[in-house]
Amino acid sequence: MNPSNKIPVLTIDGPAGSGKGTVGQIVAACLGWHYLDSGALYRVLAVAMQQVGCRPTDGARLAGLVESLDIRFETRTDGEPAHVRLAGVDVTAAVRSEACGRLASEIAAQPAVRAALLLKQRAFRRPPGLVADGRDMGTTVFPDAVVKIFLTASPEIRAERRYKQLKQKGFDDNLEKLTGEIRERDRRDAERAASPLTPAADADTLDTSRMTIAEVVESILARLRSRSAY
Ligand code: DC
């Protein structure tokens with residue numbers, strides 16, 4: 001058995017705006033575990049793709065680009081998502097736009113891209129544990145996770161949350177347009193053949209539409225406690 005398989009992983013999957021990122025970071029901080037925002041890897045690859053002028057459908061070239069990606073996450077202590085550097089340059093703002101999310105979703109449909117990112121994601125599994133958020137954390141990347149959560153919320157509520165987040169970051173988005181974009185991104189993520197957005201067979205699904213962040217966090221920690229010694 002690979003020794004890293006003994007390191008516990010808690011996966012949080014779900015569509016855009018379901019709260020995975022916010023909740024995942026808090027759960028990781030409560031446990032003192034590492035945190036992987038797998039969506040950020042796809043987003044940074046989308047930024048790199050634009051820099052080299054590659055097409056989102058060129059899976060082989062994108063997979064090659066993954067190998068040369070110099071990504072650094074700078075964890076924040078103020079509750080903000082980690083800052084992201086690509087080859088030393090801070091790309092946090094570019095990475096967070098909904099336009100970048102759409103490009104990330106397009107390149108994420110390429111099996112060669114997903115295969116190239118697999119080992120990069122698994123390398124985040126370090127002691128004492130890992131909280132990993134994304135679309136296929138429980139199904140493909142960490143199928144042996146100790147607890148698997150699938151977060152959902154109605155599309156309207158998710159769009160509203162994303163709208164507030166983007167507004168805070170200075171992006172001037174339109175709620176109606178954003179709702180359409182999020183629906184489109186969910187459809188593409190759920191319908192693709194390679195590791196589509198879907199709950200793992202052994203995942204617990206939580207509808208967060210009417211839950212506070214604190215309630216979602218507590219519910220996830222309670223599941224972990226009931227299933228293990230952490
Ligand atoms: O979680 P996010 O919104 O930052 O993710 C951006 C896109 O990246 C998402 O629409 C699809 C893709 N993605 C993926 O396919 N698999 C993951 N594990 C994470 C993200």
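Quantities reported herein were computed from a predicted structural model and do not represent experimental measurements.

S.K.: Tell me about the overall build of the protein chain, residues and numbers included.
M.R.: For the protein chain, the helix and strand inventory stands at 10 helices and eight strands. The C-alpha atoms of the protein chain give 17 Å as radius of gyration, which agrees with the globular expectation for 230 residues (17 Å, within 12%). Oriented by its inertia axes, the alpha-carbon framework of the protein chain measures out at about 50 × 45 × 35 Å. Of all 230 residues assigned to the protein chain, the portion counted as buried reaches 47%. Intrachain contacts of the protein chain at a sequence separation of at least 6 include 72% that bridge at least 24 residues. Split by element, the accessible area of the protein chain, about 10,900 Å² in all, is 54% carbon and sulfur. Positive and negative side-chain charges of the protein chain, numbering 33 and 29 respectively, have mean locations separated by a distance of 3 Å.

S.K.: Tell me about the nonpolar core, and please be specific about residues and values.
M.R.: Core analysis: the biggest nonpolar cluster contains 36 residues, and Leu36, Leu45, Met49, Leu62, Leu86, Leu130 and Phe142 have the highest contact counts within it. Discounting chain neighbours no more than four positions away, the residues touching Leu86 are Val44, Val47, Ala48, Gln51, Leu69, Asp70 and Val91. In terms of nonpolar packing, the next biggest core, distinct from the first, is built from 16 residues, Ile12, Ile149, Ile220 and Leu221 among them.

S.K.: Got a sec to walk through the pairing of strand β4 (residues 83-86)? Specific residues and values, please.
M.R.: Taking every second residue as pointing to the same face, the buried face of β4 carries Val84 and Leu86, while none of His83 and Arg85 on the other face is buried. Relative to β4, strand β3 (residues 71-74) runs antiparallel, the two being bridged by four bridges. Across the sheet, the residue bridging to Glu74 is His83, located in β4. Bridge count between β4 and strand β5 (residues 89-90): two bridges; the pairing is antiparallel. Bridge pairing in β5 links Leu86 to Val89.

S.K.: Quick one: what's the story with the site of the ligand, residue by residue and with numbers?
M.R.: What surrounds the ligand is a group of 16 residues, the closest being Arg43, Arg114, Arg135, Arg185 and Asp189. A distance of 3.0 Å separates a nitrogen atom of the ligand from a polar side-chain atom of Ser38. Contacts to the ligand include Arg185, whose side-chain N or O atom sits 2.7 Å from an oxygen atom. Expressed as a share of its isolated accessible area of 450 Å², the protein-covered part of the ligand is 98%. When residues of the shell around the ligand are traced back to their parent elements, those giving at least two are α2 (38-52), α5 (98-107) and α9 (175-191). In terms of residue count, α2 provides more of the shell around the ligand than any other element does, four residues in total. Considered class by class, the residues forming the shell around the ligand number four nonpolar, four polar and eight charged.

S.K.: Tell me about the packing of helix α8 (residues 155-168) against α9, and name the residues and values.
M.R.: At a minimum axis distance of 9 Å, the contact between α8 and α9 shows a crossing angle of 115°. Crossing of α8 over α9 shows right-handed handedness. Facing α8, whose interface residues are Pro155, Glu156, Arg158, Ala159, Glu160, Arg162, Tyr163 and Leu166, α9 presents Leu175, Leu178, Thr179, Ile182, Arg183, Arg185 and Asp186. Here the contact of α8 with α9 is built from residues that sort into seven nonpolar, one polar and seven charged.

S.K.: Lay out the confidence of the model for the protein chain with the relevant residues and their values.
M.R.: Per-residue confidence for the protein chain gives a mean pLDDT of 91, with 97% of residues at or over 70. Looking across the protein chain, the model is least confident in α8, with a mean pLDDT of 85, and most confident in strand β1 (residues 9-13), with 98.

S.K.: Tell me what's going on with the sheet that holds β3, and back it up with residues and numbers.
M.R.: Spatially, β3-β4-β5 is the arrangement adopted by the three strands of the open sheet, whose pairing is antiparallel. Both outer strands of the open sheet, β3 and β5, are each paired with one neighbouring strand and no more. Running at roughly 35° to β4, α2 makes contact with β3 and β4 of the sheet.

S.K.: Could you give me a rundown of the packing of aromatic side chains, with the residues and numbers involved?
M.R.: In the structure shown here, the tally under the stated rule is one aromatic pair. Ring geometry for Phe73 versus Phe124: centroids 6.2 Å apart, planes at 65°, classification edge-to-face. With a gap of 51 residues between them, Phe73 in strand β3 and Phe124 in the loop between α6 (111-122) and β6 (130-134) connect regions that are remote in the sequence. By relative accessible area, which is 27% here, Phe73 ends up partly exposed.

Cut-offs and rules
Residues numbered from 1 in each chain as written. Predicted model: local features only at pLDDT ≥ 70, side-chain atom pairs only at ≥ 80, totals over all residues. Heavy atoms only, no water. Helix = DSSP H or I, 4+ residues; strand = E, 2+ residues; numbered from the N terminus. Rg over C-alpha atoms; globule rule 2.2 N^0.38 Å. Buried < 20%, exposed > 50% of the residue type's maximum accessible area, 1.4 Å probe, protein only. Contact = heavy atoms within 4.5 Å. Areas by Shrake-Rupley, 256 points an atom, 1.4 Å probe, with all protein chains shown as cover. Lys, Arg positive; Asp, Glu negative; His and termini not counted. Charge placed at Lys NZ, Arg CZ, Asp CG, Glu CD. Core = buried A, V, L, I, M, F, W, Y, C linked by side-chain atoms within 4.5 Å. Pairing = 2+ DSSP bridges. Near = heavy atom within 4 Å. Polar contact = N/O pair within 3.5 Å; in protein donor to acceptor, adjacent residues only side chain to side chain. Nonpolar A, V, L, I, M, F, W, Y, C, P; charged D, E, K, R; others polar. Axes fitted to C-alpha atoms, helices over the stretch in contact; angles between N-to-C directions. Left-handed = near helix turned anticlockwise from the far one by under 90°. pLDDT = per-residue confidence, 0-100. Phe/Tyr/Trp six-rings, centres within 6.5 Å; stacked < 30°, edge-to-face > 60°.

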